[in-house]
Amino acid sequence: MGDHSMIRIDRGAEPRGLKIAAPKRLRAAAKVFNRRGALSKALTKKLTGYGTEKTKQALFLAQHEKCAWCERHTDFSSAPVEHYRPKDGAWRHLPKATMKHVDQGHYWWLTWTWSNLLFSCARCNDRAHKANYFPLRPTTVPAAVPTAPLPRPLPSPIVDVSGEQALLLDPAGSEDPLDHITWRPGFTHLHRREWIWSPFGLTEKGEATIEILKLEELAGRAQGHVIDALLPSIEEVEQHLGASRVLQARQRWQRFLEDSLSPRAEWTAFTWHALAYLVPVAYRLQHGLAVPPRPGAP
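Residues numbered from 1 in each chain as written. Predicted model: local features only at pLDDT ≥ 70, side-chain atom pairs only at ≥ 80, totals over all residues. Heavy atoms only, no water.

1. So, the packing of helix α6 (residues 219-242) against helix α7 (residues 246-260)
Turning to step 1, where the next piece is worked out: At a minimum axis distance of 7 Å, the contact between α6 and α7 shows a crossing angle of 165 degrees. In this view, α6 runs roughly antiparallel relative to α7, as classed from their interaxial angle. Between α6 and α7 lies a crossing of left-handed hand. Residues Ala229, Leu230, Ser233, Ile234, Glu236, Val237, His240 and Leu241 of α6 touch α7, and the partners they reach there are Val246, Gln248, Ala249, Arg252, Trp253 and Phe256.
Turning to step 2, where the next piece is worked out: Here the contact of α6 with α7 is built from residues that sort into nine nonpolar, three polar and two charged. (Axes fitted to C-alpha atoms, helices over the stretch in contact; angles between N-to-C directions. Helix = DSSP H or I, 4+ residues; strand = E, 2+ residues; numbered from the N terminus. Parallel < 35°, antiparallel > 145°, perpendicular 65-115°, else oblique. Left-handed = near helix turned anticlockwise from the far one by under 90°. Contact = heavy atoms within 4.5 Å. Nonpolar A, V, L, I, M, F, W, Y, C, P; charged D, E, K, R; others polar.)

Have a look at this one:
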């Protein structure tokens, strides 16, 4: 089990409890910031209360009980609420970079912002993966840390981050991750059960996200998903077609698509990309097999 790629998600409406609590917690944090500054331990201690049971439950259900980053079914109790923009310093470099650059003080003011929260598995959120990585395109200027003292009432937003061009894909953003990351097989001269799958960045964002989440570690698990979850159904379809049972083949294919690409299914992004190689377009057209629906929120 592990991450294979991500799909676009829709958080839905902000939970009422968070909507009520967030301004209060932000005001309390702003008071500490005004007294102690952005780098103080006192401020860090205030950056809590964003992962309440109801907030976590709302994200858990909106994401179909899957991690936002890897689409793995994740146990509710042991998985954290994660920040897209980190709350305690932003690592602007990529994992393989020789020069490290950390912007201290970012982005504490977004700790309770609904559009910055995601449900994540423990692996994707750990220091070896997503952690506090938030690199930006070289041409973009990071949003400035607010200066103390902050006025009363607090401005909304405290700092406008919309001008930042992030390299890390946002699963709940406006862009579809399927347009940025794909999976391709290697060793295709061998039987398809022996193909080795690798992630490829179609864009600069895709490449950066692959590096941060270390998707290349998961080639063996991708191969296992093909063997265990995809090929048995595909082979059934092929057997029907080989026996001229075209209607049965099309019905079996349709059920397979509904199961493997449903919102609740794991690793739908990887599955969608893999089907382009396992059941090529020309083969589908020849036999009248349905087009695999694009997974993720519209």
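2. Regarding unusual backbone geometry
Turning to step 1, where the next piece is worked out: In this model, His106 is joined to Tyr107 through a cis peptide bond whose omega is -15 degrees.
Turning to step 2, where the next piece is worked out: Among the secondary structure elements, Tyr107 is positioned in the loop between β3 (102-103) and β4 (117-119).
Turning to step 3, where the next piece is worked out: Cis peptide bonds are those with omega within 30 degrees of zero, and the linkage from Arg152 to Pro153 qualifies with -10 degrees.
Turning to step 4, where the next piece is worked out: With respect to the helices and strands, the residue Pro153 is situated in the loop between α4 (122-125) and β5 (181-186).
Turning to step 5, where the next piece is worked out: Despite not being glycine, Glu71 has its phi angle at roughly 65 degrees, a positive value.
Turning to step 6, where the next piece is worked out: Looking at the secondary structure, you find Glu71 in the loop between α3 (53-62) and β1 (81-83).

3. Details of the domain arrangement of the protein
Turning to step 1, where the next piece is worked out: Structurally, the protein comprises domain 1 (16-159) and domain 2 (177-287).
Turning to step 2, where the next piece is worked out: Between domain 1 and domain 2, roughly 1700 Å² of surface is buried when both sides are summed, and carbon and sulfur atoms account for 51% of that area.
Turning to step 3, where the next piece is worked out: Where domain 1 touches domain 2, the interface holds three salt bridges.
Turning to step 4, where the next piece is worked out: Linking Glu217 and Arg123 is a salt bridge whose minimum nitrogen-to-oxygen distance equals 2.6 Å.
Turning to step 5, where the next piece is worked out: If you look at where domain 1 meets domain 2, you find twelve residue pairs in polar contact (both at pLDDT 80 or more).
Turning to step 6, where the next piece is worked out: Of the residues assigned to the side of domain 1 that touches domain 2, the class counts are nine nonpolar, three polar and eight charged. (Domains from an automatic or database assignment. Buried area = accessible area lost by both parts, 1.4 Å probe. Salt bridge = Lys/Arg side-chain N within 4 Å of Asp/Glu carboxyl O. Polar contact = N/O pair within 3.5 Å; in protein donor to acceptor, adjacent residues only side chain to side chain.)

4. Some words on empty space enclosed by the protein
Turning to step 1, where the next piece is worked out: Scanning the model with the defined rule gives one cavity of 30 Å³ or more in all.
Turning to step 2, where the next piece is worked out: Here the largest cavity is characterised by a volume of approximately 50 Å³.
Turning to step 3, where the next piece is worked out: Lining the largest cavity are Ile7, Ile9, Gln63, His64, Lys66, Cys67, Ala68 and Glu71.
Turning to step 4, where the next piece is worked out: The residue inventory of the lining of the largest cavity, partitioned by class, reads four nonpolar, two polar and two charged. (1 Å grid on protein atoms, 1.4 Å probe; cavity = no way out; pocket = protein on both sides within 12 Å on 5 of 7 lines; lining within 4 Å. Points joined across faces, edges and corners; volume = space filled by probe spheres on them.)

5. What to know about the layout of surface pockets
Using a probe with the size of a water molecule, rolled over the atoms, empty space left in the structure can be pinpointed.
Turning to step 1, where the next piece is worked out: In this model, the largest pocket occupies a volume close to 320 Å³.
Turning to step 2, where the next piece is worked out: Forming the walls of the largest pocket are 16 residues, and the residues nearest its centre are Ala22, Pro23, Leu26, Trp109 and Thr113.
Turning to step 3, where the next piece is worked out: In the lining of the largest pocket, the residues fall into eleven nonpolar, two polar and three charged.

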